[in-house]
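This is what each chain is made of:
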Amino acid sequence: MMSLFAVICRDLPGKLQTRLDTRDKHLTFLKEQPGLRMAGPLIEEGEMRGSLLIVEAETLTQVKDWAAGDPYKAAGLFASVEVIEWKKVIG
């Protein structure tokens, strides 16, 4: 059975340039993921400082494995990555 999961990523302070330098690889990676339903940056003080993704998959483990392959993670951008099941109620 498929479920929705939120992937909440917070950038390390001062890493905006890393985000910008890796953005094309990150977007290409996302476009190749069949379970991705929504994605976008978290904005603080007018600057991209994290990511929120909604992913449809069968298990939490699948999404954690999927998130571990993100080029942003490989570039050392994230201070934290949280993956949690999410239930759509409105929208």
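These numbers were taken from a predicted model, which means no experiment stands behind them.

For the rest of this paragraph, the subject is the overall build of the protein chain. When you go through the protein chain residue by residue, the secondary structure sums to three helices and four strands. Taken from the N to the C terminus, the helices and strands of the protein chain come in the order β-α-β-β-α-α-β. Its C-alpha atoms give the protein chain a radius of gyration of 13 Å, near enough to 12 Å, the size a compact globule of 91 residues would have. Overall, the protein chain is about 40 × 25 × 20 Å in size when its C-alpha atoms are taken along their principal axes. Looking at the protein chain residue by residue over its 91 residues, the buried ones come to 34%.

Let us now look at the UniProt feature "domain: YCII-related" (unreviewed entry) in the protein chain. Under the local residue numbering, the UniProt record ascribes the feature "domain: YCII-related" (unreviewed entry) to residues 4-87. Taken end to end, residues 4-87 has its terminal C-alpha atoms 6 Å apart, with 35% of it in helix and 44% in strand.

Moving on: the packing of aromatic side chains. Tallying each qualifying case throughout the model produces two aromatic pairs. Between Tyr 72 and Phe 78 the ring centres are 6.0 Å apart and the planes differ by 85°, which places this aromatic pair in the edge-to-face class. Residue classification places Tyr 72 among the buried positions, given a relative accessible area of 0%. Given a relative accessible area of 14%, Phe 78 falls into the buried group.

Taken as a whole and assessed by the stated rule, the structure comprises six salt bridges. In this structure, the salt-bridge partner of Arg 19 is Asp 11, at a minimum N-O distance of 2.8 Å. Taken as a pair, Arg 19 and Asp 11 share a single burial class, namely buried. The partner of Glu 44 in a salt bridge is Arg 49, and the shortest N-O contact between them spans 3.7 Å. A relative accessible area of 32% means that Glu 44 is categorised as partly exposed.

Below, the discussion takes up the sheet that holds strand S1 (residues 3-11). Read from one edge of the open sheet, four strands run S2-S3-S1-S4, paired in antiparallel fashion. Single-partner strands in this sheet number two, and they are strand S2 (36-44) and strand S4 (78-86). The average angle at which neighbouring strand axes cross in this sheet is 20°, direction not considered. With eight bridges connecting them, S1 and strand S3 (residues 47-57) associate as antiparallel partners. Across the sheet, residue Leu 4 finds its bridge partner in S3, namely Glu 56.

So, how was this worked out
- Residues numbered from 1 in each chain as written.
- Predicted model: local features only at pLDDT ≥ 70, side-chain atom pairs only at ≥ 80, totals over all residues.
- Heavy atoms only, no water.
- Helix = DSSP H or I, 4+ residues; strand = E, 2+ residues; numbered from the N terminus.
- Rg over C-alpha atoms; globule rule 2.2 N^0.38 Å.
- Buried < 20%, exposed > 50% of the residue type's maximum accessible area, 1.4 Å probe, protein only.
- UniProt positions renumbered as here; feature names shortened; annotations may be inferred.
- Phe/Tyr/Trp six-rings, centres within 6.5 Å; stacked < 30°, edge-to-face > 60°.
- Salt bridge = Lys/Arg side-chain N within 4 Å of Asp/Glu carboxyl O.
- Pairing = 2+ DSSP bridges.
- Axes fitted to C-alpha atoms, helices over the stretch in contact; angles between N-to-C directions.

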